[in-house]
Amino acid sequence: PYTTLFRSVFEEPNQFAECHASTLEVLPNGDVVCAWFGGTTEGADDVNIWMSIRHEEKWSPPRKVVDVPGIPTWNPVLFMPDSSRLFADSSPRLLMFYRVGKKITEWQTYVIESTDGGHTWSDPKPLLDGCLGPIKNKPIVLTDSTWLAGSSVETEGEWYCQIERSIDQGATWSIAQTLKLENHPKGIIQPTI
């Protein structure tokens, strides 16, 4: 059933030369929001963040939600942190984290927010203090409301993971722990918790 459900996101199979790093969130009303980055090839200047919403068994046409002219965008992560996700008549807060940069070593993470199921989005806000936030996979929310996100850093010399933490609903982030592999030629990236 899932293959049939998600195969139809793209009505036109050649709409994107490449698309990558898809992310999904199921809204309380049963709608599904799907986002990805797409363009001619990963890292090209025309790569943008796209999304589609599945409502009443039909996907909306893909639409561009992040476009930074001349700079590629990367790895969207949809995240609905609040308990309002449990109630079908609520308007949950939906966040999308994404990266902007010519090269992975130059990434800056931004976050946008929607309170209407992904139909409209806030202006982007950068993550600060050297944190990249959830790099490819959703954060988790602990019982004390702390958010933990698997993140990773790719430098010219190594790749390593770090666990990042927010204790204020994503307003600020800090590095909780760094994880490196010994005796590995490159390292590790894109963890999940």
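Below you will find a few notes about this structure.

1. As for the nonpolar core
Generally speaking, a soluble globular protein has its nonpolar side chains buried in company with each other.
Here is step 1 of the chain: Ranked by size, the top nonpolar core spans 26 residues in total, and within it Met96 and Trp121 carry the most contacts.
Here is step 2 of the chain: Sorting the residues of this core by element identifies β2 (32–39), β3 (48–55), β5 (63–66), β6 (73–79) and β7 (94–100) as the ones contributing at least two each.
Here is step 3 of the chain: Ranked by residue count, the leading element in this core is β7, at four residues.
Here is step 4 of the chain: Residues contacting Trp121, with those up to four places away along its chain left out, are Met51, Arg63, Val65, Leu78, Leu94, Leu95, Met96, Ile112, Glu113 and Ser114.
Here is step 5 of the chain: Core analysis: the second largest hydrophobic core is formed by ten residues, Phe79, Phe97, Cys131 and Trp147 among them.

2. Observations regarding unusual backbone geometry
Here is step 1 of the chain: Notably, Asn75 is not glycine yet its phi reads approximately 40°, a positive angle.
Here is step 2 of the chain: Following the sequence through the fold, Asn75 ends up in strand β6.
Here is step 3 of the chain: On the basis of relative accessible area, Asn75 is assigned to the buried category, the value being 3%.

3. A word on the sheet that holds strand β10 (residues 140–141)
Here is step 1 of the chain: Here four strands make up an open sheet; going across it, the order is β10-β11-β12-β13 and the pairing antiparallel. Looking at strand neighbours, the two that pair on one side only are β10 and β13 (174–179), the edges of this open sheet.
Here is step 2 of the chain: Summarising the sheet, strand β12 (residues 159–166) and β13 pair through five bridges and their orientation is antiparallel. Counterpart to Gln162 in the pairing with β13 is Thr178.

4. Considering the environment of Trp107
Here is step 1 of the chain: Within the secondary structure layout, Trp107 lies in the loop between β7 and β8 (108–114).
Here is step 2 of the chain: Linking Trp107 and Pro72, residues 35 residues apart in sequence, is a C-alpha distance of 9.8 Å.
Here is step 3 of the chain: When near neighbours in sequence (up to four residues on either side) are disregarded, Trp107 contacts Trp74, Asn75, Arg99, Val100, Gly101, Leu132 and Ile135.

5. Some points on the side chain of Glu25
Here is step 1 of the chain: By the element assignment, Glu25 lies in strand β1 (residues 18–26).
Here is step 2 of the chain: Accessibility expressed as a relative area gives 6% for Glu25, which makes it buried.
Here is step 3 of the chain: At 3.2 Å, the side chain of Glu25 and the backbone nitrogen of Met80 are in polar contact.

6. Some details on the sheet that holds strand β9 (residues 125–126)
Here is step 1 of the chain: The four strands are arranged β6-β7-β8-β9 in an open sheet whose pairing can be described as antiparallel. Strands at the two margins of the open sheet, each flanked by one partner only, are β6 and β9.
Here is step 2 of the chain: The sheet contact formed by β8 and β9 spans two bridges and is antiparallel. If you follow Tyr110 over to β9, its bridge partner there is Pro126.

What counts, and where the lines are drawn
- Residues numbered from 1 in each chain as written.
- Predicted model: local features only at pLDDT ≥ 70, side-chain atom pairs only at ≥ 80, totals over all residues.
- Heavy atoms only, no water.
- Core = buried A, V, L, I, M, F, W, Y, C linked by side-chain atoms within 4.5 Å.
- Buried < 20%, exposed > 50% of the residue type's maximum accessible area, 1.4 Å probe, protein only.
- Helix = DSSP H or I, 4+ residues; strand = E, 2+ residues; numbered from the N terminus.
- Contact = heavy atoms within 4.5 Å.
- Pairing = 2+ DSSP bridges.
- Polar contact = N/O pair within 3.5 Å; in protein donor to acceptor, adjacent residues only side chain to side chain.

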